[in-house]
Amino acid sequence: MEDPRTQDQMMMHEAVVAGQSVRGTTSPNPWVGCVIVSSEDHMFVGATQPPGGPHAEIEALRLAGPAARGATMYVTLEPCAHHGRTPPCVPAIVAAGIKRVVVGVLDPDTKVNGEGVAYLQGAGIETTVVDSEEVQTCLAPYLKHRATGRPWVILKLAASLDGRIAAPDGQSSWITGPAARADVHLLRSESDAILVGAGTVRVDNPQLTVREVPGSDPLRIVLGKIPNDALVLPALSRSGPLAPLLDELGKMDVIQLLVEGGAQVAAAFHHANLIDQYVFYYAPALFGGEDAKAMFAGPGVPTMHDLWRGHITAIKRLGDDLRIDLAPPAQGHSANPL
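Bear in mind the structure is a predicted one, so any value in this text is a computation, not a measurement. (Residues numbered from 1 in each chain as written. Predicted model: local features only at pLDDT ≥ 70, side-chain atom pairs only at ≥ 80, totals over all residues. Heavy atoms only, no water.)

Draft legend 1. Focus on the packing of aromatic side chains. Enumeration over the complete set of coordinates arrives at three aromatic pairs. Ring geometry for Phe280 against Tyr282: centres 6.2 Å apart, planes inclined by 40 degrees, an arrangement best described as tilted. An aromatic cluster is present here, built from Tyr278, Phe280, Tyr282 and Trp308 joined pairwise through their rings. Here the guanidinium or amino end of Arg23 rests over the ring plane of Trp31, the centre of that ring lying 4.0 Å away. The ring of Trp174 has Arg181 sitting right over it, with the charged end atom 4.6 Å from the ring centre. (Phe/Tyr/Trp six-rings, centres within 6.5 Å; stacked < 30°, edge-to-face > 60°. Lys NZ or Arg CZ within 6 Å of the ring centre and 35° of its normal.)

In structure tokens form, the structure reads like this:
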């Protein structure tokens, strides 16, 4: 069957895949992907290198060489026109002789924000911004950070099918199986910081490091006092309102914050409407009573009229467990599938 997607859609998807392949290695820079299609239909794929290394466009141009002349470039994020850790990308695109550029989304960074597109169009290069929903999803943490100054907040909870995250004695290791735990470590590797409450540290004494997959350990943050012998050390201890904490972390170039609980912390972030993405891991297990620990501490909504409803964005089987991703109700979606 013929693929119903257009050439532009297919190539932008390949650029998204390329960008996603370097997720966790580029922060605080965005994980951008770039595909160059030559006039002879040869494809050259680049992705952003670690900080100080080439951006995705420069990598793709390097691979394409002379074939870049007259070619079309697909890049997930607007090419930069300013000098940061590396020189700007747009002069190199012009010098290489690229004929057409398709941009997934504009870069909300105040140093860019349309300047890259204007530079390319001023140089006579046909440049189109498609506002791709797939790109917006892939780069959502970066886009939020640049637009608001705050990190993308993911709440992760592992629970039994009857919605309990710990036994009555507080123990929670392990509700889910190895595949789900490895997936959590992947989330950690993609996050710049990870946050738990002091109660979780006292009961579980977690390391909060990346072990099951390759990647760097995130900055560790504990809400409350950290015991001197806690395995989470070194870590930051914080208290007080959550919104100023997010502002502080944003200024520290934390693009994505992973909140791992427990129930008090989960409830605090949830009721303050500070969560951008909920990730629930459900195990085929039952505590079978109301004395086990619930996902969220304290009272919930009083009536069905007040019931909180989000949008399920993904369901994935991990061994015997299920991962369900949930977006908050206010989160909109672009109508453009590209």
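From this point on, the discussion continues.
Draft legend 2. Spatial organisation of the sheet that holds strand E5 (residues 126–129). As summarised here, the arrangement of the five strands in space is E2-E1-E3-E4-E5, forming an open sheet in which the pairing is mixed. Two strands bound the open sheet, and with one partner strand each, they are strand E2 (43–47) and E5. Recorded for the sheet is a direction-independent mean angle of 15 degrees between the axes of neighbouring strands. In terms of strand pairing, strand E1 (residues 33–37) meets E2 through five bridges, oriented antiparallel. (Pairing = 2+ DSSP bridges. Helix = DSSP H or I, 4+ residues; strand = E, 2+ residues; numbered from the N terminus. Axes fitted to C-alpha atoms, helices over the stretch in contact; angles between N-to-C directions.)

Draft legend 3. Main features of unusual backbone geometry. The amide bond that connects Ser27 to the next residue, Pro28, takes the cis arrangement and shows omega of 10 degrees. In this model, Leu233 is joined to Pro234 through a cis peptide bond whose omega is 0 degrees. When you line up the elements, Pro234 lands in the loop between strand E9 (219–223) and strand E10 (236–238). One non-glycine residue with positive phi stands out, namely Asn205, at about 50 degrees. Structurally, Asn205 is set in the loop between helix H8 (198–204) and E9.

Draft legend 4. Region of the structure containing the environment of Ala285. Mapped onto the fold, Ala285 is located in the loop between strand E12 (277–283) and strand E13 (293–294). Separated by 275 residues in the primary sequence, Ala285 and Met10 place their C-alpha atoms 41 Å from one another. Filtering out sequence-adjacent residues up to four positions away, Ala285 remains in contact with Ser160, Leu161 and Asp162. (Contact = heavy atoms within 4.5 Å.)

Draft legend 5. Spatial organisation of the pairing of E9. Where burial is concerned, most of E9 is hidden: four out of the five residues are buried. In the sheet, strand E8 (residues 193–197) pairs with E9 via five bridges, with the strands oriented parallel. Note on E9: the bridge partner recorded for Val196 is Val222. Crossover handedness for the path E8 to H8 to E9: right-handed. Here E9 runs beside E10; their pairing, made up of three bridges, is parallel. Bridging from a neighbouring strand, Val222 pairs with Ser237 of E10. (Buried < 20%, exposed > 50% of the residue type's maximum accessible area, 1.4 Å probe, protein only. Right-handed = clockwise from strand over helix to strand, strands pointing away.)

Draft legend 6. View of a nonpolar patch on the surface. A grouping of Val301, Met304 and Leu307 is seen on the molecular surface, where their side chains present a nonpolar patch of about 290 Å² in accessible area. By the element assignment, Leu307 lies in the loop between E13 and strand E14 (311–318). (Patch = residues over 30% accessible without salt bridge, like charges linked within 9 Å, V, L, I, M, F, W, Y side chains within 5 Å. Areas by Shrake-Rupley, 256 points an atom, 1.4 Å probe, with all protein chains shown as cover. Salt bridge = Lys/Arg side-chain N within 4 Å of Asp/Glu carboxyl O.)

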